[in-house]
Amino acid sequence: MSKATGTGTGARSSAPHGADSHDVIRVHGARENNLKDVSIEIPKRRLTVFTGVSGSGKSSLVFNTIAAESQRLINETYSSFVQGFMPTLARPEVDVLDGLTTVITVDQQRMGADPRSTVGTATDAHAMLRILFSRLGKPYIGPPSAYSFNTATVRASGGITVERGAAKTKTVKATYNRTGGMCTHCEGRGKVSDIDLSQLYDDSKSIAEGAFTIPGWKSDNVWTVGIYAESGFLDPNKPIRRYTKKEMQDFLYREPTKVKVNGVNLTYEGLIPKIQKSFLSKDKEAMQPHIRAFVERAVTFTTCPECDGTRLSEGARSSKIKRISIADACAMEIRDLAEWVRGLKEPSVAPLLAALQQTLDSFVEIGLGYLALDRPAGSLSGGEAQRVKMIRHLGSALTDVTYVFDEPTIGLHPHDIQRMNDLLLRLRDKGNTVLVVEHKPEAIAIADHVVDLGPGAGTAGGTVCFEGTVEGLRAGGTITGRHLDDRATLKETVRKPSGSLEIRGATANNLRDVDVDIPLGALVVVTGVAGSGKSSLVHGSIPAGEQVVSVDQTPIRGSRRSNPATYTGLLDPIRKAFAKVNGVKPALFSANSEGACPTCNGAGVIYTDLAMMAGVATPCEDCEGKRFQAEVLEYRLGGRDISEVLAMSVSEAEEFFGAGEAHTPAAHKILDRLADVGLGYLTLGQPLTTLSGGERQRLKLATHMSEKGGVYVLDEPTTGLHLADVEHLLGLLDRLVDSGKSVIVIEHHQAVMAHADWIIDLGPGAGHDGGKVVFEGTPADLVAKRATLTGEHLAAYVGA
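Residues numbered from 1 in each chain as written. Predicted model: local features only at pLDDT ≥ 70, side-chain atom pairs only at ≥ 80, totals over all residues. Heavy atoms only, no water.

Trainee: In this structure, what is going on with the overall build of the protein? I would like to understand it.
Mentor: Helix and strand content of the protein: 29 helices and 27 strands. A principal-axis box enclosing the C-alpha atoms of the protein has dimensions of 100 × 85 × 75 Å. For the protein, the proportion of its 800 residues judged to be buried stands at 49%. For the protein, the proportion of contacts with a sequence separation of at least 24, taken over those separated by at least 6, is 66%. When the accessible surface of the protein is split by element, carbon and sulfur atoms take 51% of a total near 37,500 Å². (Helix = DSSP H or I, 4+ residues; strand = E, 2+ residues; numbered from the N terminus. Buried < 20%, exposed > 50% of the residue type's maximum accessible area, 1.4 Å probe, protein only. Contact = heavy atoms within 4.5 Å. Areas by Shrake-Rupley, 256 points an atom, 1.4 Å probe, with all protein chains shown as cover.)

What follows is the structure in structure tokens.
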């Protein structure tokens, strides 16, 4: 019997099993966004890197086609009832997708900026800590919810009706208690807001003299200023500083009261609640720039005096394990917390300690040991957020799934990139398919398979230029292959500074009383390992009033109606030019206003909700996706209608508005700036929601270049940039400095470091091991000394 079984097994193993033949993901005829009928086979259980210039179609292929279809197919396995609660996904524009496995997407989308969300709550670490303290904390204060700053304490008592059978009802007294850990003063936010009254009014003037300094509050507006002047509660001719105590109370805090002003019934309300409702309850990012500036001036956030910023109630702070409270534990750097947890030996919670230890060790392993669990999730950079999301996958028992990463090396010092590479290879070696969109040569070098898209961006891209090994890419002659071994050289001469920006005693976050002089009139690069204090020094310590223009990594807010033309203000001069030539109103040339197609309301597509099935977006039949009424399209400028202008690329539009009948200097100036930052391929009407992270940051840079700032602060401008575009960026930075600006760049890219006039290197490590300036000087001096990690990597890069 055993012999026969052995023979049978041998016979089966000699022939390949049918299941083993499915070893590729086959894509045929992909047409999402700018992809031009792309057909490709991606090997499974290998690490494949997708590269190409920014806008070439990498994300369209990996995220919008492969990952999107996998997610859609998984959603379809749920019942119709469950699908009703899930986002509806349209099928990607592709003919065939074979061999898909479950896709786990780890992207750069920043974590929600909810003030209650922290690194601890965004992972499982805080939940496990709460359970740990509820079991071991002394004194015992209650269940895990007693340690949660998102749970309020609730007490209730009263009569409840109990029904027992048809006629038997009984009212009994019941009490309900839930112990929460939320600080009652700040409601678990750790900060309290205060309004600076001096920003609301000038107390030396009366209301009649125009005391209010709030945007839009004009003396002839009955709804704002008029109601205070005519309410009868206040003397409009008396300076505010001379108000009595009662008048001040009515002025600032009076409850809503019905009053009659000029025969009209209105509601009078104190100034503070009125400002809170009209300004502070709205999304700050969606406000007009001058309103946002007012809110930032008028509202100050201070640490909660009751909980000292810990967000927790006194009871939660009093319960301790080995003299450490949960607030102390969350404030520790994660690597220190991991050591503290390792020292707890308690058999009753051994499985919990093991799970918590594994999570904390994953933070350290992935290079985020310098974070603390109480760090607000919204303050993490895109790269940090992506690595936090990776943590839940590192110890996962799942295999044979497809992991999709979007530039995982963003925000990483060259010293840390090797660690990230090891993690990607570890995921692959567990039998997973790993797809990575990447530009860094160090990350491309570890690929088993490379797919290079291009050859250009936008309409000039969308085709596969190369498939194969890294060695084949080098010899392939594509843009990526030619630039893979590019190395910037050190400058022979550096600019002499025209002055300096003094920072004294900087202590933001982990900075240790840092004194540094940042040269002005030069290209200054601030560098150091992730978590060393670069952003704290530049964003948190540069003195106010220095005409600083900051272009950071915060995402652009914009709906599918927003596009480069609306975001940059380009559409205003274009609309005025159309209106002037045709003798009509500018509002006709806005798809969000009078000129909008009435059928689709200017969206260009009709969104159809198919209940339990995926919703469908179809081009509007009336305007054929042009977004405007037919009458509006009869008006022309330089032979083109408004929809044809919005369909132009930046480069085409630059030529169109530069001369001839359509010559519009205001529009041409904005288009010049867009071309300057390498966005010449973008179409003016392309929705902002379709832009990549790198494109959005450069769009923001182009917008800020018009501001009259003396100091430009850029936060990792090489994010999302192809190797070939880095040289273009360096030229742009040079032009900014040569025009009299001072440019400060937070950057890890060695090409930018080598090109700098002055380098400030922070470290030596991250978190409490950083926060010090370890080097100040020219790139040549940094390479010569090799005294820091940055110096060693820069020296290796330039071949010194």
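Trainee: Looking at this structure, I do not really get the packing of aromatic side chains. What am I missing?
Mentor: Describing an aromatic ring pair means giving the distance of the ring centres and the angle of the ring planes. By the definition in use, this model includes 15 aromatic pairs. Judged by centre distance (6.0 Å) and plane angle (45°), the ring pair of Phe133 and Tyr147 falls under tilted. On the criterion of sequence distance, the pair formed by Phe133 in helix α5 (residues 125–136) and Tyr147 in the loop between α5 and β6 (154–164) is long-range, its members being 14 residues apart. Accessibility classification places Phe133 together with Tyr147 in one group, the buried group. Look at Phe578 and Phe589: their rings are 5.1 Å apart centre to centre, the planes differ by 35°, and that puts the pair in the tilted class. Highlighted residues: Phe578 in helix α21 (residues 571–582) and Phe589 in the loop between α21 and β22 (605–608), separated in sequence by 11 residues. Assessed through its relative accessible area of 1%, Phe589 is described here as buried. Here a set of aromatic residues connected by ring pairs shows up, and it is made of Tyr201, Phe212, Trp217, Tyr228, Phe233, Tyr243, Phe251 and Tyr268. In this structure, Arg254 packs its charged tip against the face of Phe233, placed 3.9 Å from the ring centre. (Phe/Tyr/Trp six-rings, centres within 6.5 Å; stacked < 30°, edge-to-face > 60°. Lys NZ or Arg CZ within 6 Å of the ring centre and 35° of its normal.)

Trainee: Help me understand the sheet that holds strand β4 (residues 96–98) in this model?
Mentor: If you trace the 3 strands from one edge of the open sheet to the other, you get β2-β1-β4, paired in antiparallel fashion. Since the sheet does not close on itself, it has two edges, and those belong to β2 (38–43) and β4, each with one partner. Each adjacent strand pair in this sheet contributes to an overall mean axis angle of 5°, direction not counted. Bridge count for strand β1 (residues 24–30) against β2 is 5 bridges, and the pairing is antiparallel. Residue pairing across strands places Ile25 opposite Ile42, the latter belonging to β2. Against the sheet, helix α2 (residues 58–75) contacts β1, β2 and β4, and its axis sits at roughly 115° relative to β1. (Pairing = 2+ DSSP bridges. Axes fitted to C-alpha atoms, helices over the stretch in contact; angles between N-to-C directions.)

Trainee: Help me understand empty space enclosed by the protein, please; the structure alone is not making it clear to me.
Mentor: Gaps left between atoms are located by rolling a probe of water-molecule size over the structure's atoms. Per the counting criterion, the structure on display carries 5 cavities of 30 Å³ or more. Taken as a whole, the largest cavity encloses approximately 140 Å³ of empty space. Lining the largest cavity are 19 residues, and of these Glu407, Lys440, Thr718, Thr719 and His749 lie nearest its centre. (1 Å grid on protein atoms, 1.4 Å probe; cavity = no way out; pocket = protein on both sides within 12 Å on 5 of 7 lines; lining within 4 Å. Points joined across faces, edges and corners; volume = space filled by probe spheres on them.)

Trainee: Would you explain the sheet that holds strand β17 (residues 463–468) in this entry?
Mentor: Sheets are built from strands that pair by backbone hydrogen bonding, the pairs being arranged parallel or antiparallel. Pairing in this open sheet of 6 strands is mixed, and the strands run β5-β14-β15-β3-β16-β17 from one edge to the other. Looking at which strands have only one partner, the edges of the open sheet turn out to be β5 (103–106) and β17. Averaged over all pairs of adjacent strands, the angle between strand axes in this sheet comes to 20°, irrespective of strand direction. Direction of pairing for strand β3 (residues 47–51) relative to strand β15 (residues 433–437): parallel, over a ladder of 4 bridges. Looking across to β15, one finds that Thr48 is bridged to Leu435. Here helix α15 (residues 414–429) sits on the sheet and contacts β3, β14 (402–406) and β15; the angle it forms with β15, its principal contact strand, is near 150°.

Trainee: Explanation requested: α21 in the structure shown.
Mentor: Since one α-helical turn is 3.6 residues long, residues separated by three or four positions face the same way. Along its 12 residues, α21 runs 16 Å from first to last C-alpha, staying within 8% of the 16 Å computed at 1.5 Å per residue. For α21, the complete set of buried residues consists of Leu571, Pro573, Ile574, Arg575, Ala577, Phe578 and Ala579. Along its buried surface, α21 packs onto α20 (564–567), α22 (642–646) and α24 (665–676). Remark: Gly583 follows α21 within two positions and exhibits a positive phi of approximately 65°. (Expected span 1.5 Å × (residues − 1).)

Trainee: When you look at the packing of α5 against helix α13 (residues 350–365) in this model, what are you seeing that I'm missing?
Mentor: Packed helices, taken two at a time, are described by the angle between their axes plus the distance between the axes. In the contact formed by α5 and α13, the axes pass within 10 Å of each other and the chain directions differ by 150°. Taken together, α5 and α13 sit at an angle that is classed as roughly antiparallel. Judged by the sense of rotation from one axis to the other, the crossing of α5 with α13 is left-handed. Each of Ala125, Met128, Leu129, Ile131 and Leu132 in α5 lies in contact with α13, whose residues at this interface are Leu352, Leu353, Ala355, Leu356 and Thr359. Partitioning the contact of α5 with α13 into residue classes produces 9 nonpolar, 1 polar and no charged. (Parallel < 35°, antiparallel > 145°, perpendicular 65-115°, else oblique. Left-handed = near helix turned anticlockwise from the far one by under 90°. Nonpolar A, V, L, I, M, F, W, Y, C, P; charged D, E, K, R; others polar.)

Trainee: How should I be thinking about a nonpolar patch on the surface in this particular structure?
Mentor: Taken together, Tyr78, Phe81, Val82 and Phe85 make up a surface patch of nonpolar side chains, about 470 Å² in accessible area. With respect to the element layout, Tyr78 can be found in the loop between α2 and α3 (80–83). (Patch = residues over 30% accessible without salt bridge, like charges linked within 9 Å, V, L, I, M, F, W, Y side chains within 5 Å. Salt bridge = Lys/Arg side-chain N within 4 Å of Asp/Glu carboxyl O.)

Trainee: Before we go on, may I ask you to explain the pattern of salt bridges in this structure?
Mentor: Pairing of side chains with opposite charge becomes possible as their charged atoms draw close. Under the definition given, this model contains 30 salt bridges. Here Arg495 ties to Asp738 by a salt bridge, and the two come within 3.3 Å at their closest N and O atoms. Taken together, the positions of Arg495 in the loop between α18 (479–483) and β18 (499–506) and Asp738 in helix α26 (residues 723–738) put the pair 243 residues apart, joining distant regions of the chain. A residue is classified by how much of its surface remains accessible, and Arg495, at 22% relative accessible area, is partly exposed. On the accessibility criterion, Asp738 (58% relative accessible area) is exposed. Bridged by salt links that share partners, the residues Lys491, Arg495, Asp734, Asp738 and Asp757 form one connected network.

Trainee: Whenever I open this one, the layout of surface pockets confuses me. Can you help?
Mentor: Looking at the second largest pocket, its volume works out to about 440 Å³. Forming the boundary of the second largest pocket are 21 residues, of which Asp486, Arg487, Ala488, His749 and Tyr797 lie nearest the centre. When the residues that make up the lining of the second largest pocket are grouped by side-chain class, the tally is 11 nonpolar, 3 polar and 7 charged.

Trainee: Explain the confidence of the model for the protein here, please?
Mentor: Low-confidence regions, as indicated by low pLDDT, have predicted coordinates that should not be scrutinised in detail. Confidence in the prediction of the protein, expressed as mean pLDDT, is 85, and 93% of residues score 70 or more. Throughout residues 1–12 the model reports pLDDT below 50, and contacts reaching past four residues in sequence, or to other chains, amount to 0 contacts. (pLDDT = per-residue confidence, 0-100.)

Trainee: Even after reading the chapter, I still don't get the environment of Val261, so can you show me in this structure?
Mentor: Relative to the assigned elements, Val261 resides in strand β9 (residues 257–261). Measuring from C-alpha to C-alpha, the distance between Val261 and Tyr228 comes to 9.6 Å, with 33 residues separating the pair along the chain.

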